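What follows is each chain in one-letter form.
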Amino acid sequence: MREPTSRRAARGRTEHSPLPDFCQLPALFALLVVGALTVTVMWLARDDPRDWSAYSVGMLFVTLLGMVAAVVLCGLRPWLQRLPGHLPYVGVWLLILLLVLLASIVAHWFDGALQMHLVRGSLPVFVRDNVLIAALLGAAMLRYFYVLAQWQARLAAVTRAQVEALQARIRPHFLFNSMNTVAALIRVDPDAAERTVEDLSELFRAALGQHDSADGTLGEELALVERYLAIEQLRLGERLRVRRELDELPADFPLPRLLLQPLVENAVRHGIQPLREGGEVILRGQRDGRGVRIEIINPLPATPPAAGNGHGLDSVRRRVAYRYGPQAKVQAGAQGKRFVALLQLPGGKS
């Protein structure tokens, strides 16, 4: 049963909150940089001789304040995310003002208790000035985070639409090629064609079915590849030989559906089919830390076949980049007398 659209949308809003993740280094870095720049500008703007001790204490003050603010906002972020509309940003802004107010009171007290005389003016003036500065800079910084979050959300939506379009193109592409295989078998071996249609029904159920999750598993994808190879084996006979070196691969590794099949199909169509004597397709895989490394190898014909549109390989590259990010690697090219397609996919969360 499919999840209602409204529920999926609500879940999406929860998972993709516009609030920055204050538990991560970029947000902490932004807080520290803004504080350091503020102290530096205020120190340079003074007319009296430069007081390096005051500058050092000011930098220490904003550094500790930035770290405390990051810890507090990190801990309260789950609660803030539940607020409606733009209230999460209002809540963050008010928390920043409260932390600056309390820190200013503590700093003024320490300055008087230790008789350092680094803080000029009375307590109300010192606190007022710091809170006003924090209000202006905090609003500007949160506005930046908001605009950045909106841009990232739009970019993610465009990327998801592109990936869904690629997926929609892969499925009919796979369907048409498979039906061509059946058509060829009907003329050569009607009984084999009938068995192939039965296999195709199972293959299409796996390949064309609607799924709640964008990912399957590596074991499911390899099973899909085996069904495809079984169909091509009937068509090509002894010309198609397959060597499998896949025992080290984890079957439960998350993998986008129909990711390997287009590469195997390319190996058969462009590496085996043009050769009268046929050849060997090598499927090789192993663990690579928490990820996996998969190679699909096929022979290169002496006369290169007619170039295709590159849709299969291009779609694999785009889907891997979207799913795994810059740590993933997709390489394809000739190596001697063989063509090698390499996928290096990292493990961990998407």
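Right, let's walk through the structure included here. (Residues numbered from 1 in each chain as written. Predicted model: local features only at pLDDT ≥ 70, side-chain atom pairs only at ≥ 80, totals over all residues. Heavy atoms only, no water.)

1. Regarding the side chain of S104
Line of reasoning, step 1. Residue position: S104 is located in helix α4 (residues 87–113).
Line of reasoning, step 2. Of note is the side chain of S104, whose polar atom sits 2.7 Å from the backbone oxygen of V100.
Line of reasoning, step 3. Ignoring anything within four residues of it in the chain, the contact list for S104 reads F61, F126, V127 and N130. (Helix = DSSP H or I, 4+ residues; strand = E, 2+ residues; numbered from the N terminus. Polar contact = N/O pair within 3.5 Å; in protein donor to acceptor, adjacent residues only side chain to side chain. Contact = heavy atoms within 4.5 Å.)

2. Structural notes on the environment of E238
Line of reasoning, step 1. Mapping E238 onto the fold places it in the loop between α7 (218–236) and β2 (240–245).
Line of reasoning, step 2. With 41 residues separating them in the primary sequence, E238 and G279 have C-alpha atoms 8.9 Å apart.

3. Considering the pairing of strand β7 (residues 338–345)
Line of reasoning, step 1. Of all 8 residues making up β7, 6 are buried, and the element is well covered by its neighbours.
Line of reasoning, step 2. As judged from the 8 bridges shared by strand β5 (residues 291–299) and β7, these two strands associate in the antiparallel manner. In the sheet register, V292 faces β7, and the bridge partner there is L345.
Line of reasoning, step 3. With 7 bridges joining them, strand β6 (residues 329–335) and β7 adopt antiparallel strand pairing. Bridge pairing links K329 to Q344 in β7.
Line of reasoning, step 4. Linking β6 back to β7 in an antiparallel pair, the connection comprises 2 residues, with G336 at a positive phi of about 70 degrees. (Buried < 20%, exposed > 50% of the residue type's maximum accessible area, 1.4 Å probe, protein only. Pairing = 2+ DSSP bridges.)

4. Topic: the packing of aromatic side chains
Line of reasoning, step 1. Scanning the model with the defined rule gives 3 aromatic pairs in all.
Line of reasoning, step 2. An angle of 80 degrees between the planes, with centres 6.4 Å apart, marks the rings of F22 and F145 as edge-to-face. Highlighted residues: F22 in the loop between α1 (5–15) and α2 (25–44) and F145 in helix α5 (residues 123–188), separated in sequence by 123 residues.
Line of reasoning, step 3. Residue class for F145 comes out buried when judged on its relative accessible area of 8%.
Line of reasoning, step 4. Ring centres of Y144 and F145 lie 5.7 Å apart, and the angle between their planes is 50 degrees; on these two criteria the pair is classed as tilted.
Line of reasoning, step 5. Ring-pair connections join several aromatic residues into one group, and the members of that group are F22, Y144 and F145.
Line of reasoning, step 6. When the ring centre of Y324 is taken as reference, the NZ or CZ atom of R323 above it lies at 4.7 Å. (Phe/Tyr/Trp six-rings, centres within 6.5 Å; stacked < 30°, edge-to-face > 60°. Lys NZ or Arg CZ within 6 Å of the ring centre and 35° of its normal.)

5. Looking at the state of the cysteines
Line of reasoning, step 1. The full count for this structure, using the stated rule, is 1 disulfide.
Line of reasoning, step 2. The partner cysteine of C23 in its disulfide is C74, sulfur to sulfur 1.8 Å. Judged by the torsion about the S-S bond (95 degrees), the C23/C74 disulfide is right-handed. One end of the pair, C23, is in the loop between α1 and α2; the other, C74, is in helix α3 (residues 52–81), with 51 residues separating them in the sequence. (Disulfide = S-S within 2.5 Å.)

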